[in-house]
Each structure stands twice: as structure tokens, then as C-alpha cells.
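Structural overview for review
One letter stands for each residue in the lines below.
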Amino acid sequence: MSLVNPRKKLNPSLPHRNVPDAVNARARAVFRGNRLPWLLLAPSLIILAVFSFFPAMQTLRLSLFRANLVVGNEQFVGLGNFINLLSSPVYRQVMVQTLIFVTLVVALGLFFALGLAFLASKPIAGAKFYRLMLIYPYALSPAIAGTLWLFLFNPEVGAVNSVLGQTFGIKPRWLDDPILAFGLVVAATVWKGLGYNIVFYLAALQNVPAEITEAAEVDGATPWQNFRRIVFPLI
């Protein structure tokens, strides 16, 4: 593999080619033959084939059979498995719950992330520390985050029920009630992903020209009007 020197004098006979394009074209890697590129790609292709493509093809093939993995028997049923799945009321209920879950997580996650990022973008004392704490939950592994929420909302010894019991005299059964458990999973998922969205919103908010917002404030715009009519459309 060889690289052409980009500082080499360009050919003046290229009237329709600007200098950056010509430099990029001349600095492009040139392989002498087809074996070296495939050799460099081989490790990645092997890993993808063994751990991604082959399992996916096996899953698709097994979906057309009624198989007993213990005995090793297989009976071809065609689309029978898919018909049974789509006609199952349990599957339809799961699909509806999944749709509700995804909608709530995406909507609430973006809403709270934008609001917190807008507050964290303000020039206040300790702003860097607050931003770090807002991003920190995303650094936790899902197992640690789930265990943390499990301990917090434990009906017997959880910190949340201890505070609610001493303050209001109630101790909800968070993990026993289907609605409370569903809401708890949604809240935990939103909390876990806040940091990821906050990073992008902070970057977008910091690129909003301060002159525009300051001019709006001089013209008498309220903070909400400034955010809704100027900041939000720009990000």
C-alpha cells in the first residue's frame, strides 16, 4: 500500500477540479492488487459471519420447523409458527405494551433531556459538575442501574417506601402491581438514557448564537418565548 504525497505539485491541466478535491484524490490509499484489502477485511468478516450472519440464518431456518432441540427432531411446518404467533392474544398484548413502552420512553426521554440540557447550559456556578452528574447515569451498566432501582423501590426495605411510609403512611407494592411495575420500568429506562440525549442537546444549545437570544430579550421576549420561538427551532 502506498500513499501519494498530498503536497506534490498539482497538475495545472485540471481546470474543473478545486485544490481540496485534488489533494484528497491524490492522498487516497492505493492497493497493489485485490488480495491485501480482502486480507485486512477478513477478521471482521469472519467475526460477523460466525456471530451475526450464521445465527440469523439459523434462526430464520428454524422458524419454518417445529423442532425439539433436546431430541434433535425437526418437522417442517412452513409459516405455521408465524400464523400461530400472530393469532395469539398474548402476542398481541405484548405488541401493544411494547408500543406503549417505546412511545413513553422516547417522548419522556427527549422531553426531560431537552429541559435538563437547557437548564445545564446556563452559565451558573458549578455548571460542569451538574453536567457531569446528568451524564453519569448513562455510564452505568444496565445490570447496575436495574439493581439500584430494585433496591430503591423494594416494597419492604426500599428507600422510597421508607420515605413515603413516614411522610404519607403508604407503602405501594411497586413490583407486585402491573401498572406500577410498568411505570417503574419506563421511569428507569428514561433515567438510564437521559445522559445520552443530554450530550447532544448540550452541544446543540451551545451552538445557538448568543446574539440572537440577547436581542430577543432586549425586545421584551420572555424566557419561554425565547426558548420556544428561537432556541427550539435552531436546535
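Further up the page is the structure itself.
Quick caveat, the model's predicted, so the values are computed rather than measured.

If you tally the helices and strands in the protein, you get 10 helices and two strands. Along the protein, from the amino end to the carboxyl end, the secondary structure elements read α-α-β-β-α-α-α-α-α-α-α-α. Each of the 235 residues in the protein was classed as buried or not, and the buried ones make up 17%. Of the roughly 17800 Å² of accessible surface on the protein, a fraction of 69% belongs to carbon and sulfur atoms.

Attention shifts here to a nonpolar patch on the surface. A contiguous nonpolar surface patch, about 540 Å² in accessible area, is contributed by Val96, Ile100, Leu104, Leu108, Phe111 and Phe112. Residue position: Phe112 is located in helix 4 (residues 89-120).

Considering all chains together, one arrives at three salt bridges under this definition. Between Asp176 and Arg173 there is a salt bridge, with the nearest N and O atoms lying 2.9 Å from each other. Residue class for Arg173 comes out partly exposed when judged on its relative accessible area of 39%.

Turning our attention to the packing of helix 9 (residues 210-218) against helix 10 (residues 223-234). At a minimum axis distance of 10 Å, the contact between helix 9 and helix 10 shows a crossing angle of 165 degrees. Classified by the angle between their axes, helix 9 and helix 10 sit roughly antiparallel to one another. The hand of the helix 9/helix 10 crossing is right-handed. For the pair formed by helix 9 and helix 10, the contact residues are Ile212, Thr213, Ala216 and Glu217 on the first element and Asn226, Ile230, Val231 and Leu234 on the second.

Side chains on a regular strand alternate between the two faces of the sheet. For strand 1 (residues 65-68) and strand 2 (residues 73-76), the ladder comprises four bridges, and the chain directions are antiparallel. Directly across from Ala67, in strand 2, lies its bridge partner Glu74. If you look at the hairpin formed by strand 1 and strand 2, you'll find four residues sitting between the two strands, and Gly72 has a positive phi there, around 95 degrees.

Conventions we followed
Residues numbered from 1 in each chain as written. Predicted model: local features only at pLDDT ≥ 70, side-chain atom pairs only at ≥ 80, totals over all residues. Heavy atoms only, no water. Helix = DSSP H or I, 4+ residues; strand = E, 2+ residues; numbered from the N terminus. Buried < 20%, exposed > 50% of the residue type's maximum accessible area, 1.4 Å probe, protein only. Areas by Shrake-Rupley, 256 points an atom, 1.4 Å probe, with all protein chains shown as cover. Patch = residues over 30% accessible without salt bridge, like charges linked within 9 Å, V, L, I, M, F, W, Y side chains within 5 Å. Salt bridge = Lys/Arg side-chain N within 4 Å of Asp/Glu carboxyl O. Axes fitted to C-alpha atoms, helices over the stretch in contact; angles between N-to-C directions. Parallel < 35°, antiparallel > 145°, perpendicular 65-115°, else oblique. Left-handed = near helix turned anticlockwise from the far one by under 90°. Contact = heavy atoms within 4.5 Å. Pairing = 2+ DSSP bridges.

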